[in-house]
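# Examination of the molecular architecture
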Amino acid sequence: MDKFDYRILEILQNDASASLADLAARVGLSTTPCWRRIQRLKEDGVIQAQVALCDPVSLGLGLTAFVTVKAARHDDGWTTRFLDGVAGIPEILEVYRMAGEVDYLLKVVVADIAGYDRVYKRLIKVAELVDVSSGFVMEVVRHTTALPLEQIYKPVKGGAKG
């Protein structure tokens, strides 16, 4: 990957609806090479998807909870049951296997506490759990889906900056 690829990714992470012509101009390429780079980034799995990010509050999903889970066992059977079970609960948007005090961290988005209680009741049935603890978001201070590409790529002054 070079400076053009990173610049394409920076732009698309902030606005995936940018037209090819606008993207190419901002990156400093003509449209065909820019399009080819985007296709290669998709084929290589660097660009996993291009989606619309929705505001949960506008859609009536105003409660976000982060849920920590401690597993009762650490074997393949338990893990399969747990992961299959949480995959079947659409309100669980993210699942992370953790190191440290807890085994899993889940991000749950629902309308309200009653909605969370329904998710909780489903969650505790998927597999034997030692502990389930929840923290509820009071305010979103910062949220982004853009990866910090400048950690791996230092933009050059001028050139691909736009």
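See the structure printed just above.
In this report, we go over the structure that sits alongside the text. Going along each chain's sequence as written, the residues are numbered from 1 onward. pLDDT decides what is reported in this predicted model: residues at 70 or higher carry local features, side-chain atom pairs at 80 or more are listed and counted, and totals for whole chains, interfaces and linings draw on all residues regardless. Each side-chain value is derived from all of the structure's non-hydrogen atoms; neither hydrogens nor water enter the calculation.

### Quick notes on the sheet that holds strand S1 (residues 63-71)
- Two strands form a pair only when DSSP identifies at least two bridges running between them. The numbering of helices and of strands both runs from the N terminus, where a helix is a DSSP run of H or I of at least 4 residues and a strand a run of E of at least 2. Pairing is antiparallel in the open sheet, where four strands are placed in the order S2-S3-S1-S4. Either end of the sheet is taken by a strand with one partner, and the two such strands are strand S2 (92-97) and strand S4 (129-136). Mean inter-strand twist for the sheet, computed between neighbouring axes without regard to direction, equals 20°.
- Note that S1 and S4 share seven bridges and pair antiparallel. If you follow Thr68 over to S4, its bridge partner there is Ser133.
- We call two residues in contact whenever any of their non-hydrogen atoms come within 4.5 Å of each other. Angular values range over 0 to 180 degrees, each being the angle between N-to-C directions of two axes fitted as lines to C-alpha atoms, with helices fitted over their stretch in contact. Along the sheet, helix H4 (residues 76-87) contacts S1, S2, strand S3 (104-110) and S4; its crossing angle with S3, the most-contacted strand, is approximately 20°.
- Across the sheet, helix H5 (residues 113-126) touches S1, S2, S3 and S4, and the angle it forms with S4 is around 160°.

### So, the packing of aromatic side chains
- Whether two aromatic rings pair depends on their centres lying within 6.5 Å, for rings of Phe, Tyr and Trp, where Trp uses its six-membered ring; planes under 30 degrees apart make the pair stacked, over 60 edge-to-face, and the rest tilted. The tally for this structure, following the rule as stated, stands at six aromatic pairs.
- Ring centres of Tyr116 and Phe136 lie 5.1 Å apart, and the angle between their planes is 85°; this geometry places the pair in the edge-to-face category. In this pair, Tyr116 sits in helix H5 while Phe136 sits in strand S4, placing the two residues 20 residues apart along the sequence.
- Members of the aromatic cluster, joined through ring pairs, are Trp78, Phe82 and Tyr104.

### Comments concerning helix H2 (residues 20-27)
- For H2, the complete set of buried residues consists of Leu23, Ala24 and Val27. Angular distribution of buried residues about the axis of H2 spans 95°; they occupy a single face of the element.
- Where H2 is buried, its residues touch helix H1 (3-14) and helix H3 (31-43).
- Downstream of H2 by a residue or two, Gly28 has a phi angle that is positive, lying close to 95°. Burial here depends on accessible area, computed with a 1.4 Å probe over protein chains only, as a share of the maximum for the residue type. Under 20% is buried, over 50% is exposed, and the range in between is partly exposed. Note that the arc is computed from the directions linking the helix axis to the C-beta atoms.

### Things to note about the environment of Asp55
- Position of Asp55 among the secondary structure elements: in the loop between H3 and S1.
- By relative accessible area, Asp55 is classed as partly exposed at 41%.
- For the pair Asp55 and Arg118, spaced 63 residues apart in the sequence, the C-alpha separation amounts to 22 Å.
- Between N or O atoms, a polar contact is any pair within 3.5 Å; within protein, one atom must be a potential hydrogen donor and the other a potential acceptor, and residues adjacent in sequence are included only when both atoms are from side chains. Here the side chain of Asp55 touches Ser58 through a polar contact of 2.4 Å, side chain to side chain.

### Describing H3
- A helix is expected to span 1.5 Å for every residue after the first. With 13 residues, H3 should reach 18 Å at 1.5 Å per residue; the first-to-last C-alpha distance of 18 Å fits that figure.
- Every buried residue of H3 is accounted for by Cys34, Arg37, Ile38 and Leu41. The buried residues of H3 occupy one face: seen down the axis, they fall within an arc of 100°. Projecting away from the buried face of H3 at angles above 90 degrees are the exposed residues Arg36 and Glu43.
- Check the buried side of H3 and you find it contacts H1 and H2.
- Positive backbone phi, at 80°, marks Gly45, one or two positions downstream of H3.

Everything listed here is a matter of coordinates, which is why it stays silent on function.
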